[in-house]
Amino acid sequence: MSLFLRLLFRNKLAGFGAVVLGVIVVLALLTPFLPLHPPNETSTANRYLRPLSDGHLLGTDHLGRDLLSRLLWGTRLSLAVGFAAALIAGLVGAAIGVMAGYFGGRTDNVTMRGIDMLMAFPYILLALAIVAVLGPGLMNALIAVAVVNIPFFARNIRGVTVGIAHREFIDAARLAGMGHTRILLTEVVPNIVPVVVIAMSTTIGWMILETAGLSFLGLGSQPPQADLGSMLGEARSALITSPHTSIVPGVMILLIVMSVNLLGDGIRDALDPRLRSGALARPMAATRVDRAQVPPAKGDALLDIDALETQFQVGRRTYKAVNKVSLELKPGECLGLIGESGSGKSVTALSVMGLVASPPGVITGGAVRLEGQDLIGAPYELLRSLRGRRVAYIFQDPLSTLHPLYRIGDQLIEAIRVHDPVSRAAAHKRAVKLLEDVRIPNPAARINAFPHELSGGMRQRVGIAMALANDPDIIIADEPTTALDVTVQAQILALLDELRQRRGLAILFITHDFGVVGQLCDRVAVMYGGRIVETGPTQAVLDAPAHPYTRRLIACVPELGGGRRILAAIPGLPPAVDQLPEGCAFAPRCDKAQDACRRGEVTLDGTTRKVRCLFPEVAP
Amino acid sequence: MGGYILKRLLSAIPVLLGITIIVFLIMAMIPGDPATAILGSYATPENVARLNRFLGLDEPLWRQYFTWLGNMLQGDFGRSFRLNRPVLDEILDRFSATLILAGTAFVLCAVLGIIAGTISAARQYGFADKAITSVVIIGISVPSFFLGMMMILLFAVKLRWFPVSGMYSIWGGGDLPDLLRHLTMPALALSVVATGVVARLSRGAMLEVLRQDFIRTARAKGVHERRVIWGHALRAAMVSIIPVLGIQAGFVLSGAVYIEMVFQWPGVGRMLVDAILTRDILLVQGGVVFIAACYVGFNIVVDVAQSLLDPRIRT
């Protein structure tokens, strides 16, 4: 509860709303005790007095009645009616929703069809029809507004109840022999109360507005009784001569509804866990760079990742996802980057073209050089012109990485035309050729398909075709086969290998599977806890892994037809990168770890084979 | 595609029937006896009984319903006793005025709302986002009738840009510029709340979409950020924005009541309020059914638009 209040007031707007609403509510409650003129005391001599007149702070209306007094009494009435309508709508709607959701079947069907019918009416129209029947009057307006809002509550609550009604604890209660009434009261209702409260807090503003509207039309409160809406309605005829009689009640409605809305939003947000984690932030066009110094250029590699540091900054926590990673890629070479989930391999790959989601991602150090040109902190336009043209990506899940609403042909044509201003027809021809290159049968027809009409393997072929669209020098493949089944996986790998040979592509291949690395890669780098722990030619590493982690990772690959050794899992979990242990990050899971491993930084040593271990399995 | 439209049209039939049943039942709940209401409380019991028989009110409820429904299907919505003319004629006379007002407001709320929401999402937490969000909060909290009155004070009385009111008939006299002069303020006032709602939901939908993987793919292809936002992301966000537009259409159509009162606009909304205050029940009944039916029709258009946009629901 105190956490909830703290979250609520951290949101300044909600706090503002709470204060304004609080003041208004207190004033409304105190109205009978304040030294005010009676709200209905007329005085023909004092008609239309301006605000700040003697004895009438806000002036008087067309009958000489004190506006301040009428405003406060009207506010009292409007608030009461709005809250009452919300309460009725909430309770009745929730009751209907719970019944429909809990009992399901025909009860549910019939009720919800009825609710749908009610929702088929434009909003205020139904309220008008109800008032037409009941006759004008504040009570009738209240009923009309409440009835109109019942469907909204019934629908929401039904949805929530359906979710609860199939949970284990309900089954348990039923098996324990509890009756429906008891289950509903003790198990279901407590779980939906927060939902009802949120729904009420977000709709109460509307209800105050709607009852004021009906009163404004002359269908709500009748003279001499006046809520804010009918005050406005009465003042309308004198709008031009005495605008203050309209402005006073109008501004009050605005203040009430606005503060209620702000507070309602605040309550909803404070209860929404996604906002707390900042997960609703949208990633920017390029990853944020906040780099203290740039390491000096060296070497002549095609792609040179040099002491790269990428972090995720969430609140006060810093996750060091990539911690001084250095990798080199030569033309036509395939480098495997391998590690468990969360080891930082994908973040390394995405950092190259500034594609790490930011916020929360920040590149805090190092350099990424493409033929000597540093890309970290490069202007957006330069980065954009290189993306897809020199360095292209293939992502893991082709269903979520292709745009679901564009035809694959259009996505391919777009990829071509972003960098090469050819005609649509020419691009179309090239797109068909690309689909042919990645072995999609009948490409001329398939080009018009939507992603959801293709199989997983076909989709990934489209993903590869898109990466090849501009004949890039480098392809970064981020677990391109993980989401596919094994036979399709083999085909995709064969295709990638063939394309590499034919086009002289350099590939950075990210995977968690040593089997895949063995098939495709010239060299391999092993990543753990955001750092490279071992690197070297693939065969050499596979034959004689130097780092204990590499050895155990290789032992995880099942041997086909062998079956003579135990398939070894690595005990424990990879470290959380916001609290890395001192020394070797693998030490807590390593059976060879000694005290020295837990002290100070372990360096990456060696020449063609490098290892970050004090007690390597073999000398590098 | 044709099949989808047909299916959607057929599914509207039970909804329309449901609407007529609800309206009929609500109207049947009127306390007291319509004949007494028409003839006044001094009518003799014989006269009341005669009128009841004449109006068919001595029949069982279900028969009354089917008679009423059958008549409506033949275009006979009954006669307004106050205006002494057929209800449908009165509605049709006034509906074009409401349609122009609500239609303009709807286009405004859709275009402005989506643009504002998209900019807001693309510049999340930036200055533009904060400015738009603040305006939106005020926009969705202001009563449209109060806003209309304030606009009259400022733009008509003080600045004299637009006429206060005086839209007596849509087709009588006046040319297009004249219509636009009269239309600007009411349409703006009517669209403000809906614009706020659309902007807010568009912002949310865009933020949701911008985190999706296919946006990263578009960026990785080198697509320009402008096109990523206004093309890829907005196209995907439209799938959740369009249903909201459908709801807002109903809101604008019925919210026109207030605006028609404030600006003396000769539309159906004002007719309804007058009819309610004078207890002209057949006119209310006819008007409500007519507007609700239009709304159902519009929702079919929305669903078809949705299916054109999203190939996954076109099956």
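In the block above lies the structure referred to throughout.
Quick notes on the rules
- Residues numbered from 1 in each chain as written.
- Chains lettered and ligands numbered in written order.
- Predicted model: local features only at pLDDT ≥ 70, side-chain atom pairs only at ≥ 80, totals over all residues.
- Heavy atoms only, no water.
- Helix = DSSP H or I, 4+ residues; strand = E, 2+ residues; numbered from the N terminus.
- Buried < 20%, exposed > 50% of the residue type's maximum accessible area, 1.4 Å probe, protein only.
- Contact = heavy atoms within 4.5 Å.
- Pairing = 2+ DSSP bridges.
- Axes fitted to C-alpha atoms, helices over the stretch in contact; angles between N-to-C directions.
- Phe/Tyr/Trp six-rings, centres within 6.5 Å; stacked < 30°, edge-to-face > 60°.
- Buried area = accessible area lost by both parts, 1.4 Å probe.
- Salt bridge = Lys/Arg side-chain N within 4 Å of Asp/Glu carboxyl O.
- Polar contact = N/O pair within 3.5 Å; in protein donor to acceptor, adjacent residues only side chain to side chain.
- Nonpolar A, V, L, I, M, F, W, Y, C, P; charged D, E, K, R; others polar.

A. Geometry of the side chain of B:Q248. Residue and element names in this part refer to chain B. Positionally, Q248 belongs in helix α10 (residues 225-262). The class of Q248 is buried, set by a relative accessible area of 6%. Excluding anything up to four places from it in sequence, Q248 contacts C109, A194, V197 and V198.

B. Main features of the sheet that holds strand β11 (residues 531-537) of chain A. Residues and elements named next belong to chain A. Strand order across the open sheet formed by eight strands is β7-β8-β9-β4-β10-β11-β13-β12, with mixed pairing between neighbours. Strands with a single pairing partner mark the edges of an open sheet, and in this sheet they are β7 (391-394) and β12 (605-606). Relative to strand β13 (residues 610-611), β12 runs antiparallel, the two being bridged by two bridges. Paired with D605 across the strands is V611, a residue of β13. Here helix α22 (residues 548-555) sits on the sheet and contacts β4 (334-338), β10 (523-528) and β11; the angle it forms with β10, its principal contact strand, is near 105°.

C. Here's a closer look at the packing of aromatic side chains. Residue and element names in this part refer to chain B. Applying the stated rule across the entire model yields 16 aromatic pairs over all chains. Arranged with centres 4.9 Å apart and planes meeting at 85°, the rings of F95 and F290 form a pair that is edge-to-face. Residue F95 is located in helix α5 (residues 87-122), and its partner F290 is located in helix α12 (residues 281-309); the two are separated by 195 residues in the primary sequence. The class of F95 is buried, set by a relative accessible area of 10%. F290 gets classed as buried once you look at its relative accessible area, which sits at 16%.

D. Quick look at the interface of chain B and chain A. Chain B puts 77 residues into the contact, and the matching count from chain A is 77 residues. Between chain B and chain A the total buried area reaches about 6,800 Å² when both faces are included, carbon and sulfur atoms providing 72% of it. The interface formed by chain B and chain A contains three salt bridges. Taking the shortest distance from any N to any O, the salt bridge between A:D265 and B:R200 comes out at 2.3 Å. Viewed at the interface, chain A and chain B are joined by 23 residue pairs in polar contact (both at pLDDT 80 or more). Per-element accounting of the side of chain B that touches chain A gives the leading share, 15 residues, to α10(B). Of the residues contributing to the side of chain B that touches chain A, the split by class is 51 nonpolar, twelve polar and 14 charged.

E. The arrangement of helix α9 (residues 228-235) of chain A in detail. Of all eight residues in α9(A), six are buried; the element is thus mostly enclosed. Those residues of α9(A) not exposed but buried are A:L228, A:G229, A:S230, A:M231, A:L232 and A:A235. Among the structural elements, α3 (67-103), α8 (180-216) and α10 (244-271) of chain A together with α7 (144-158) of chain B are those in contact with the buried residues of α9(A). For α9(A), the side-chain oxygen to backbone nitrogen distance between the N-cap and A:G229 is 3.2 Å, and the N-cap itself is A:D227.

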